[in-house]
Amino acid sequence: VLMELFSEIYGKYYKLIASLLTKLPLTRQEINGYVTKEGFAESNLYLLPKLLDKNGWPLLTLDKDKYTSKIASKVVLPVTILEKRWLKAICLDIRCAIFFTQEERTALLAKLADVEPLYQQADFKYFAQCLDGDPFADNTYIANFRTILQALREKRVVYIKFVSGRHHSNDGNYVPLKLEYSTKDNKFRIYCAKIVHSSVKGCYIINMARVTAAQAREKYAKPLPSIASYIEALRCKQPIVVKVSKERNALERFMIEFSPYEKRAEMDEQTGICTVKLYYQTMDETEILIKLLSFGPVIEIVGPASFVKAVKNRIKVQKELLF
């Protein structure tokens, strides 16, 4: 019942009518045009009689040649019990601190004091998640995150100081293009364009937790590179080709493990072996390699040759550590 109510309140027709009431007064022709533009193909057949006929919804009144609203107050979407429960659960999540101030969070929790959260964080069990996630409760991290998020929204240049993966100190002016969260890593990373002498000098990815300082600067008025084209440029030249057997539910486990990645799969009905072409970003190659090795003998990595060589080297190093 809750989900049906949620669907009705936030459905297309409810939003269309709420929006239409804010644009009155309008003529019959203007209402017809608005419903045609904002609704579905059949919306005129259903909505116009409901809106304009005498026996329809008591929302409009005809004044000369224009319709006005009978509703004096502004149309406000109600907050359902389901919404309140969801919002309470969000407020109890430690990651909420990076989006809300402490005052906002306290005020929300006070208003939701008698509401049971929709879920608890303890209800979720994460498998194979990194233990060194971002420090979401750290004040410096929170301040840097908000500065970068605001710059992303306003297309501002941000002066960022950060420590690289090799522990080298770096700094420079960047324009954030995208913020990405990884559930597996429990971390945020920033896709950004580096600005040198007011021009873009390449795109970079910075782990948010490695940022030590962030200062917002002026808006960047020039065209920015497409994040889609940058991500495409990071895509591997050749996919990894993996043969997955049917033993120990290997195929289902493989597809779940690599669900975030682009794949092409072909099943051999006679042998039950599925050949999968796995596409990935080059910077994720080491992580992909480790994931594949965790499957053991139920998979066979057949290409490309350079990746197979990297797998063999990895196994050789692990063997030397054990014996």
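Bear in mind that the values here come from a model prediction, so they are computed numbers and not experimental data.

A. Focus on the layout of surface pockets. Within this model, the largest pocket holds a volume of roughly 1,400 Å³. Listed by contribution, the elements that provide at least two residues to the lining of the largest pocket are strand S4 (156-163), strand S5 (169-182), strand S6 (187-196), strand S7 (199-207), helix H8 (227-233), helix H9 (250-257) and helix H10 (285-293). A total of four residues in the lining of the largest pocket trace back to one element, the largest contributor, which is S6. Here the residues of the lining of the largest pocket sort into 17 nonpolar, nine polar and 15 charged. In this model, the second largest pocket occupies a volume close to 240 Å³.

B. Here's a closer look at the packing of aromatic side chains. Going through the model one piece at a time under the given rule, you end up with 16 aromatic pairs. When the centroid spacing of 6.3 Å and the interplanar angle of 85° are considered together, the rings of Tyr174 and Tyr204 count as edge-to-face. Of this pair, Tyr174 sits in strand S5 while Tyr204 sits in strand S7; the two residues are 30 residues apart in sequence, bridging distant segments of the chain. Judged by centre distance (6.2 Å) and plane angle (25°), the rings of Phe258 and Phe295 are stacked. In this pair, Phe258 sits in the loop between H9 and strand S10 (263-268) while Phe295 sits in the loop between H10 and strand S12 (299-303), placing the two residues 37 residues apart along the sequence. What makes Phe258 buried here is its relative accessible area of 0%. Given a relative accessible area of 7%, Phe295 falls into the buried group. Members of the aromatic cluster, connected to one another through ring pairs, are Phe99, Phe136, Tyr141, Phe145, Tyr181 and Phe188. Above the face of the Phe40 ring, Lys12 is positioned so that its terminal group lies 5.8 Å from the ring centre. The positively charged end of Lys178 is found above the aromatic ring belonging to Tyr191, 5.3 Å away from the centroid.

C. How the structure looks around the confidence of the model for the protein. Averaged over the protein, the pLDDT score is 87; the fraction of residues at 70 or greater is 96%. Within the model, pLDDT remains below 50 along residues 1-5, and this stretch shows two contacts once partners closer than five positions in the same chain are excluded.

D. Quick peek at the sheet that holds S7. Here we have five strands laid out as an open sheet, ordered S7-S6-S5-S4-S8, and antiparallel in their pairing. With one partner strand each, in any of the chains shown, S7 and strand S8 (211-219) form the two edges of the open sheet. Going across the sheet, the axis of each strand differs from the next one's by a mean of 40°, ignoring polarity. Relative to S7, S6 runs antiparallel, the two being bridged by seven bridges. Of the residues in S7, the one forming a bridge with Ile195 is Val200. In this fold helix H7 (residues 139-154) packs onto S4, S5, S6 and S8, with an angle of close to 25° to the strand it touches most, S8.

E. Structural view of helix H4 (residues 43-52). Of all the positions in H4, only Ser43, Leu47, Leu48, Leu51 and Leu52 are classed as buried. For H4, the angular spread of buried residues about the axis comes to 105°, placing them on one side. Here the buried face of H4 lies against helix H2 (12-23), helix H3 (28-38), strand S2 (60-63) and strand S3 (66-69).

F. Spatial organisation of the packing of H3 against H4. In contact at an axis separation of 10 Å, H3 and H4 are set at 140° when each is read in the N-to-C sense. The orientation of H3 relative to H4 falls into the category oblique. Where H3 crosses over H4, the handedness of that crossing is right-handed. On the side of H3, the interface is formed by Arg28, Ile31, Asn32, Val35 and Thr36, while H4 contributes Ser43, Asn44, Leu47, Leu48, Leu51 and Leu52. Considered class by class, the residues forming the contact of H3 with H4 number six nonpolar, four polar and one charged.

G. View of the sheet that holds S10. Overall, antiparallel pairing links the four strands, which are arranged S10-S11-S9-S12 in an open sheet. Across the chains shown, the open sheet's two edge strands, defined by having one partner strand only, are S10 and S12. Across the sheet, the mean angle from the axis of one strand to that of its neighbour is 20°, orientation sign disregarded. By the bridge criterion, six bridges tie S10 to strand S11 (residues 273-278) in an arrangement that is antiparallel. Bridge pairing in S11 places Lys263 opposite Leu278. Packing of H9 onto the sheet brings it into contact with strand S9 (240-244), S10, S11 and S12, and relative to S9 it is tilted by some 150°. The strands touched by H10 are S9, S11 and S12; relative to S9, the strand with the most contacts, the crossing angle is about 15°.

Calculation notes
Residues numbered from 1 in each chain as written. Predicted model: local features only at pLDDT ≥ 70, side-chain atom pairs only at ≥ 80, totals over all residues. Heavy atoms only, no water. 1 Å grid on protein atoms, 1.4 Å probe; cavity = no way out; pocket = protein on both sides within 12 Å on 5 of 7 lines; lining within 4 Å. Points joined across faces, edges and corners; volume = space filled by probe spheres on them. Helix = DSSP H or I, 4+ residues; strand = E, 2+ residues; numbered from the N terminus. Nonpolar A, V, L, I, M, F, W, Y, C, P; charged D, E, K, R; others polar. Phe/Tyr/Trp six-rings, centres within 6.5 Å; stacked < 30°, edge-to-face > 60°. Buried < 20%, exposed > 50% of the residue type's maximum accessible area, 1.4 Å probe, protein only. Lys NZ or Arg CZ within 6 Å of the ring centre and 35° of its normal. pLDDT = per-residue confidence, 0-100. Contact = heavy atoms within 4.5 Å. Pairing = 2+ DSSP bridges. Axes fitted to C-alpha atoms, helices over the stretch in contact; angles between N-to-C directions. Arc of directions from axis to C-beta. Parallel < 35°, antiparallel > 145°, perpendicular 65-115°, else oblique. Left-handed = near helix turned anticlockwise from the far one by under 90°.

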